[in-house]
Structures are given as structure tokens and as C-alpha cells.
Amino acid sequence: MTSKYWTTAGSVNDARPMNSLPQSRHLVGPLPGPRSRELMARKSGAVAAGVGTTMPVFAVRAGGGIVEDVDGNRLIDLGSGIAVTTVGNSAPRVVDAVAAQAGAFTHTCFMVTPYESYVAVAEALNRLTPGDHEKRTALFNSGAEAVENAVKIARSYTGRQAVVAFDHGYHGRTNLTMALTAKNMPYKHGFGPFAPEVYRVPTSYPFRDGKEVDGATAARRALTLVEKQVGAENLAALVIEPIQGEGGFVEPAPGFLPALAEWCRANGVVFVADEVQTGFARTGDLFACDHEGVVPDLIVTAKGIAGGLPLSAVTGRAEIMDAPHAGGLGGTYGGNPIACAAAIAAIATIEEDGLLDRARQIERLMKERLHRLQLDDARVGDVRGRGAMIAVELVKPGTTEPDAALARGVAAAAHRAGVIVLTCGTDGNVLRFLPPLTISDELLTEALDILTEAFAN
Ligand SMILES: *Cc1c(COP(=O)(O)O)cnc(C)c1O
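The rules behind these values
- Numbering of residues begins from 1 in every chain and follows the order in which that chain's sequence is written.
- Two thresholds apply to this predicted model, a pLDDT of at least 70 for residue-level local features and 80 or more for giving and counting side-chain atom pairs, whereas whole-chain, interface and lining totals are computed over all residues.
- Side-chain numbers come from the whole structure's heavy atoms, not from hydrogens or water.
- UniProt positions are given in the numbering used here, feature names are shortened, and annotations may be inferred rather than shown by experiment.
- Pairing between strands is defined by DSSP: at least two bridges between the two strands are required.
- For helices the rule is a DSSP run of H or I covering at least 4 residues; for strands it is a run of E covering at least 2, with both sets numbered from the N terminus onward.
- To obtain an axis, a line is fitted to C-alpha atoms, over the contacting stretch when the element is a helix, and the angle between two such axes runs from 0 to 180 degrees between their N-to-C directions.
- Contact between two residues is taken to exist if any of their heavy atoms lie within 4.5 Å; hydrogens are not considered.
- Buried residues are those whose accessible area, probed at 1.4 Å on protein chains only, stays under 20% of the maximum for their type, while exposed residues exceed 50% and partly exposed ones sit between those limits.
- Within 3.5 Å is the distance limit for a polar contact, defined as a pair of N or O atoms, with the added protein rule that one can donate a hydrogen and the other accept it, and that residues adjacent in sequence qualify only through two side-chain atoms.
- Working definition: a ring pair exists when centres of Phe, Tyr or Trp rings (six-membered ring for Trp) sit within 6.5 Å. Plane angles under 30 degrees give stacked, over 60 give edge-to-face, the rest tilted.
- Either the NZ atom of lysine or the CZ atom of arginine qualifies as a charge over a ring when it sits within 6 Å of the ring centre and within 35 degrees of the ring normal.
- Helix span, as expected, comes to 1.5 Å for every residue beyond the first.

- By the naming in an unreviewed UniProt entry, the chain is 4-aminobutyrate aminotransferase, taken from Cryptosporangium aurantiacum.
- Its UniProt record gives the chain a comment under Cofactor (unreviewed entry), which states: "pyridoxal 5'-phosphate".
- Of the chain, the UniProt comment under Pathway (unreviewed entry) reads exactly: "Amino-acid degradation; 4-aminobutanoate degradation."

So, in C-alpha cells, the structure goes:
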């Protein structure tokens, strides 16, 4: 049986035969195969060593829940290109929209002669993001670029400079976002000096905090430091991922985010939700902030926004977004017309194909299996996350002491068996699962079987 969301003939709402990629795992031989090996050798000779790869296989096609490589191997995709192809790779509406737009025009620069699709993406984001206040949106290319712009906008609006970020936070690889990012290796090491006026405070990390630190207590712990060490009157913005991504899929205790948002409101600080990884149905809500009804002043989106095309956005309160002077925001490619066409198609796919429900189904299926694994295996310390953003934190049995070697070992075994999984966490001891919402239950179950076996070995 194929998934409701993906048949070998395309999506349910589109019966045209197109990306006829079989939805089954298939290994021709040991990975990587000969053609991937050849290409890896060329990569080493041509591509900067700093650009790493999780798996040494080169892709040729992808769709549903499968990535096919140059040797004809078909891998189960639990990565979605790091939470990007949430609506599926080569999603039919996205493919059509991109082809049509590329045939019409590829670029004019929105700052030179604008076009409608940029405005339509802004309208969609203003409509879909949390809160029914008046909003404005500006478009950029990458998540990091959008986070930087959110900080620029908050500084311009408040006339203040300081920015607070959190332990285990990840916000990108540009200079300002490296400063916001917590983890040294590999993101920051040797790349300083970093942008000034960035302060880091503890987050809410229920697995490590223990039960006595509830959301309100964790918020107070962070805000006391901010008040003592920065001063609310100097603070432009507080930047937080509502569920941390690279930091380990850390879901804060209930009440943590609302308490931070409320403090920001009371102190004239711009509350910036970085939903680059959590956005666009990934967590079973359109945005992770929706889960507790938190309304950020600015919300940053990217990754899942455009079905694989590079696009990012800052959306927020009109009076904040409109603070910077005309010409103060922008960029050559920001809101590229092909990326905008893709975003409109990706948003339509989420809304029309019921992908929020699909993300919640995936959560139920994965958590049921992973909780069973946890019962049998004391090294699985925590199972957490929401929707199709699920992780297991691996520890020395009975402790919270990280076991990064086990995470590496299980990931490597999964890779050998043809399952794309990623690790994360400040200590590298978290296995994370980010399947496309077009994956079938069968593929998901098979991937979980393989992971379970990897733990047993
Ligand atoms: C990936 C990510 C970014 C950076 O996005 P890029 O497109 O890689 O620049 C920022 N914030 C979060 C939460 C992310 O997951």
C-alpha cells in the first residue's frame, strides 16, 4: 500500500505520471557504490574541505520518502535535506510553479522592478503566522540572512543594541548568527571575532533540568541573568527557537516560551521566534509557536518554506517591520521569483493535502516505536519532539551523561543499511528524524526497524 500522500504516480491531487521513483529501499551493493566513490574523489579535489557531507552518496532523484543515488541505490529519507523538503522532494505543485516561472522570467530584482509573487508570499506569511495583528514581511535567501535582518529590524525599532540568545541555540553561520549560535565545534571554531552585544542565557531543557525546573522557573532563571547582566532597557531582541534544532530538538517545558514573550512585551523587547527549522507544518502545527499560542513580535522562516528552493522571511508587527528606513532592507536575490513561486506552491500543498495531520500521524507512529525502544534500552534517555521533528537523546544508562559514540554508531549503521539519519545536540548524542511528510508509513516503519536493529547490535 502506498501512502495517501505519495503514490508512484505523483501526489493524490495530481494523477500525472511524473517522478516515478519506486517507494522502496533498495541497495545494489555496499554504500557508497563505485560512482559515488568516484564523485567523492572529485569532490575532495574540487570542493573546500570545510564543506562536509553526512553520507558519501551522490543524489540523482528524490521524492516521496526516497533519495536515489548515482549507483541506483534507494535510501529512506529521514532528513529532508535538513528539514527543507517537508512537502516532499519535487512536489508536483512546486515543480509546475518553478517551471512556469522559469519560463516567464528568472530575476528582475524586487528592488528594481517588483513582481506579484513576492507580495503574495508576504500576504500568505502575514495570514498564516501566529497573531491576527497587522503584519509586514521581508524576504531573503537563507535562514541566517533572515535572522540577521530580524536583529537589524529590532535594533532599528527599539534604538537598543543588545541581543539575547540561548544555550544550545543555533541560528546560522554568518558573523552575527555565529555569535548567536551556542556551539563552538564545528560552527564557530577559528572563525572569530564574533559580533558584539550578544548575550547567552540558559534555556529550558526538561531532560537535563529535571522536574523541579518547570517552564516558569526556567524563564525566571534566564530573565534574572538578562536583568542583572544586560539590563532590559539595553535589550533590542530576544532570539529563540521554539524547539531547538541543531542543539538537540530540545522542547522547552510548558510555560517557558509564554513567560519569555510576556516579559518581552512588558519590557519593550522584540521577541523573535526563529522558526527556520520548526516552521511550515514540520511540528504538526503550522508553526511551533502555535502549540502554546505564543505570538512572537517577529518570526523568522526559511528551510521548509519553498519546497527546496532558497527563500527566507522575516514576518512581524507592522510597526516593528516598518521601522527601518526605505532602502535599509533587501538584497539582490531576496524573494527571487522562482523561489516565491515555489513557496506559494509549497504552502498550497500544506493546506490542500492536509499535511498538518500527516505530521501528527508521523509523530504517533514514530513515538510509539521509539518509546518501546526506550523501554527495552536504557541508553535511550529521552524521546522528544513534535510532528515530523522527533529525536532520541542517547546517554549512559540511568544518567543524563551524553553518549555521542553510540549516536555516531547507530547513525553509521543506519547509513550502511540505506537510511538517511542525522545527529545533533551540543554533545552530539542526539539522533534526529526529519522525514518528508510525503513518506509512506511502510518506509517509516522499515526505517524504524533498521534503527531498532542498529541499537540491538
Ligand atoms: C538551519 C537554521 C538556520 C540557518 O539557516 P540557513 O538557511 O542554513 O542559513 C537558522 N536557524 C535555525 C533554527 C536553523 O535550523
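1. So, the sheet that holds strand β12 (residues 389-394)
Then comes step 1: Strand order across the open sheet formed by 4 strands is β11-β12-β15-β14, with antiparallel pairing between neighbours. At either margin of the open sheet sits one strand with a lone partner, and together these are β11 (380-386) and β14 (422-424). Averaged over all pairs of adjacent strands, the angle between their axes in this sheet comes to 25°, without regard to strand direction.
Then comes step 2: Inspection of the sheet shows β14 paired to strand β15 (residues 430-433) by 3 bridges, in the antiparallel sense. Residue pairing in the sheet places L422 in a bridge with R432 of β15.
Then comes step 3: Across the face of the sheet, helix α13 (residues 404-416) comes into contact with β12, β14 and β15 while running at roughly 40° to β15.

2. A closer look at the sheet that holds strand β4 (residues 135-140)
Then comes step 1: Across the sheet, which stays open at both edges, the 7 strands sit in the order β4-β10-β9-β8-β7-β5-β6 with mixed pairing between neighbours. Two strands close off the open sheet at either side, each with one partner strand: β4 and β6 (198-201). If you compare each strand with its neighbour and ignore which way they point, the axes differ by 20° on average.
Then comes step 2: In this sheet, β6 lies alongside strand β5 (residues 162-166) in parallel orientation, the contact comprising 4 bridges.

3. Observations regarding the side chain of T349
Then comes step 1: With respect to the helices and strands, T349 occurs in helix α11 (residues 337-352).
Then comes step 2: Classification of T349 as buried rests on a relative accessible area of 4%.
Then comes step 3: Side chain to side chain, T349 and R93 meet in a polar contact 3.3 Å long.
Then comes step 4: The residues contacting T349, other than those within four sequence positions of it, are V87, R93, G354 and L355.

4. Points about the packing of aromatic side chains
Then comes step 1: One pass over the structure, following the stated rule, counts 6 aromatic pairs.
Then comes step 2: Clustering of aromatic rings is evident, with ring pairs tying together F105, F110, Y115 and Y118.
Then comes step 3: The cationic tip of K188 hangs over the ring face of F194; the distance from NZ or CZ to the ring centre is 5.1 Å.

5. Let's talk about α11
Then comes step 1: Counted at 1.5 Å a residue, the expected span for α11 with its 16 residues is 22 Å, and the 22 Å between its end C-alpha atoms agrees.
Then comes step 2: Within α11, 13 of the 16 residues are buried, leaving the element largely enclosed by the surrounding structure.
Then comes step 3: Of the residues flanking the start of α11, the one acting as N-cap is N336, its side-chain oxygen 2.9 Å from the backbone nitrogen of I338.

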